[in-house]
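For reference, the chains in residue letters:
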Amino acid sequence: MSPTASTAAMTCHHLLLFILAGSTSSFLPVEGSGWTYKEGGNGPDEWPGMCQVGARQSPVDLDPKTAVPGHFESLVLLNYDRKTVGNVTNNGHTLMLTFEQPCEMVMAAGGLPAVYRLEQIHFHWRSEHTFQGKRCPLEMHMVHYDRQFKKLGDAVKFNQGLAVLAVLFYETKEPNTVLQPLLEFMPEVSQTEGIPYKLSQHVTLQNLLPDELNYFYRYAGSLTTPNCDESVVWTVLAQLVPIGVQQVAQFHKVQSHHEPLTSNFRPIQTVNKRQIYLQQPSERYQEISAASSVYESCFIVIVLSTFSITH
Ligand SMILES: *[C@@H]1O[C@H](CO)[C@@H](O)[C@H](O)[C@H]1NC(C)=O
Ligand SMILES: [Zn+2]
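Residues numbered from 1 in each chain as written. Chains lettered and ligands numbered in written order. Predicted model: local features only at pLDDT ≥ 70, side-chain atom pairs only at ≥ 80, totals over all residues. Heavy atoms only, no water.

Caption draft 1: The coordination of the zinc ion (ligand 2), seen in detail. Every protein donor of the zinc ion (ligand 2) is accounted for by His122 (NE2), His124 (NE2) and His141 (ND1), and the metal-donor separations fall at 2.0 to 2.1 Å. The sequence motif formed by the donor residues of the zinc ion (ligand 2) is H-x1-H-x16-H. You can see His122 sitting in strand β8 (residues 116-124) and its partner His141 sitting in strand β11 (residues 138-146), a full 19 residues away along the chain. (Donors = N, O, S within 2.8 Å, 3.2 Å for Na, K, Ca; no water. Helix = DSSP H or I, 4+ residues; strand = E, 2+ residues; numbered from the N terminus.)

Here it is, written out as structure tokens:
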């Protein structure tokens, strides 16, 4: 076999793996799937599926000055106040949490077109969405799918089949004690791909969220990992949650193929013709503005949105 032929054969084998990985849910641990967050070497510029050709991709920059006022009813998160047990897994792309749901956890109302069931929660460090160009240290994605489908893998093929609730974090000196139980297996979990670790403590998901749930950006977008399917109704909460500097550092140690991932955010995508809505909480707004004075980073958006409201 000539050297040229063997190179071609390797490329084909690699492509085949790619297609196999794409046919399963990108949220499951996919051993040997080719995509990475590195520049070149199967990085974001080479991701397959809709990633290069889509017109409503995620993440995007969010700006209160250009957002359209949303007039949605209140967002409902059912059973997020229940204690639940779960696993934490390093799937080679992120740290993922899955929870037992004796009571189904769902997200609904708030202008959502369906009722969505929680599938899993994972993290991006640094944040994927930006607020007026400012990138936060961490973003949490709570991934839901339309409960009229049997599983996420079915829903992902449909417009509005998924709903992701995103929460962005700002850095503080003190650790966030609510996040501590989720990081109990660090650093072991960061070095072992594809193995679920059972959390020793119960978790109440509501405690991971900011106080104000009716202050959010809403837009139609995509998954931020291959195949970047354009099936996601995004809800990005505008109030930030604190996280300790040391806790952020623990995320940065998560490894993929025995190398630190370092960061795992997809670059900002163009908005194109989409409308991005901003739902403002009317009565409680002043409280949030007051709270924003304690933010050490990523605070500019909060301050500026105060202006856009008062004028
Ligand atoms: C947690 O992981 C175990 C395997 O270690 C699995 O049997 C169980 O279904 C997982 N639970 C959740 C909620 O993911
Ligand atoms: Zn994500």
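Caption draft 2: Region of the structure containing the site of ligand 1. Within the structure, ligand 1 sits among Asn87, Thr98, Phe99, Glu100 and Pro196. A distance of 2.3 Å separates an oxygen atom of ligand 1 from a polar side-chain atom of Asn87. Within the contact set of ligand 1, an oxygen atom lies 2.7 Å away from a side-chain nitrogen or oxygen of Thr98. Burial of ligand 1 by the protein amounts to 45% of the accessible area it has alone, namely 360 Å². Considering only residue class, the shell around ligand 1 consists of 2 nonpolar, 2 polar and 1 charged. (Near = heavy atom within 4 Å. Polar contact = N/O pair within 3.5 Å; in protein donor to acceptor, adjacent residues only side chain to side chain. Areas by Shrake-Rupley, 256 points an atom, 1.4 Å probe, with all protein chains shown as cover. Nonpolar A, V, L, I, M, F, W, Y, C, P; charged D, E, K, R; others polar.)

Caption draft 3: Highlighting the pattern of salt bridges. With the rule as written, the count across this model stands at 4 salt bridges. Asp154 is the salt-bridge partner of Lys151, the closest N and O atoms lying 3.2 Å from each other. Residue classification places Asp154 among the partly exposed positions, given a relative accessible area of 23%. Salt bridges sharing partners connect three or more residues here, namely Glu104, Arg117 and Arg147. (Salt bridge = Lys/Arg side-chain N within 4 Å of Asp/Glu carboxyl O. Buried < 20%, exposed > 50% of the residue type's maximum accessible area, 1.4 Å probe, protein only.)

Caption draft 4: Fine view of the sheet that holds strand β10 (residues 134-135). Spatially, β1-β9-β10 is the arrangement adopted by the 3 strands of the open sheet, whose pairing is mixed. Whereas interior strands pair on both sides, the edge strands pair on one side only; in this sheet they are β1 (61-62) and β10. Sheet analysis places strand β9 (residues 130-131) next to β10, joined by 2 bridges and oriented antiparallel. Along β10, the bridge assignment pairs Phe131 with Lys134. (Pairing = 2+ DSSP bridges.)

Caption draft 5: The arrangement of the nonpolar core in detail. Core analysis: the biggest nonpolar cluster contains 49 residues, and Leu95, Met140, Met142, Leu205 and Leu209 have the highest contact counts within it. Contributing elements (two or more residues each) for this core: β3 (75-78), β6 (95-99), β8, β11, β12 (162-172), β16 (232-237), β17 (241-244) and α4 (245-251). Beyond its immediate sequence surroundings of up to four residues, Met142 is in contact with Tyr80, Leu118, Gln120, Ile121, Ala163, Val164, Leu165, Leu205 and Leu209. Formed by 27 residues, the second largest nonpolar core is a distinct cluster that contains Leu62, Leu152, Val156 and Val232. (Core = buried A, V, L, I, M, F, W, Y, C linked by side-chain atoms within 4.5 Å. Contact = heavy atoms within 4.5 Å.)

Caption draft 6: Here's a closer look at the side chain of His129. Position of His129 relative to the elements: it lies in the loop between β8 and β9. A polar contact is formed between the side chain of His129 and the side chain of Tyr219, at a distance of 2.6 Å. Apart from the residues lying within four places of it in its own chain, the contact partners of His129 are Pro59, Val60, Leu62, Glu139, His141, Leu168, Tyr219, Trp234 and Val236.

Caption draft 7: Here's a closer look at the environment of Val248. Tracing the sequence through the fold places Val248 in helix α4. Taking the C-alpha atoms as reference points, Val248 and Arg126, separated by 122 residues in sequence, lie 9.0 Å from one another. When residues no more than four places from it in sequence are discounted, the contact partners of Val248 are Pro137, Glu171 and Ile243.

Caption draft 8: Expanded view of the state of the cysteines. Following the criterion strictly, the structure yields 1 disulfide and no others. Linked covalently through their sulfurs, Cys51 and Cys228 form a disulfide whose S-S length is 2.0 Å. Torsion about the S-S bond of the Cys51 and Cys228 cystine: about 90°, corresponding to right-handed handedness. Separated by 177 residues along the polypeptide, Cys51 in the loop between α1 (3-23) and β1 and Cys228 in the loop between β15 (216-221) and β16 bring together distant segments of the chain. With respect to class, Cys51 is no different from Cys228; both count as buried. (Disulfide = S-S within 2.5 Å.)

Caption draft 9: A look at the packing of aromatic side chains. Applying the stated criterion to the full structure yields 11 aromatic pairs. Residues Phe123 and Phe251 carry aromatic rings whose centres are separated by 5.0 Å and whose planes lie at 50° to one another, so their mutual orientation is tilted. With a gap of 128 residues between them, Phe123 in strand β8 and Phe251 in helix α4 connect regions that are remote in the sequence. On the basis of relative accessible area, Phe251 is assigned to the buried category, the value being 2%. Through pairs of rings, three or more aromatic residues link up here, namely Trp35, Tyr37 and Trp47. The aromatic ring of Phe72 is capped on one face by Arg218, whose charged end is 5.3 Å from the ring centroid. (Phe/Tyr/Trp six-rings, centres within 6.5 Å; stacked < 30°, edge-to-face > 60°. Lys NZ or Arg CZ within 6 Å of the ring centre and 35° of its normal.)

Caption draft 10: Representation of the confidence of the model for the chain. The predicted model of the chain averages 84 in pLDDT, with 80% of residues at 70 or higher. When the criterion is pLDDT under 50, residues 1-32 qualifies, and its contacts beyond four places in sequence or with other chains add up to 28 contacts. Low pLDDT (under 50) marks residues 284-311, which in the prediction has 42 contacts with non-local residues, meaning those over four places away or in another chain. (pLDDT = per-residue confidence, 0-100.)

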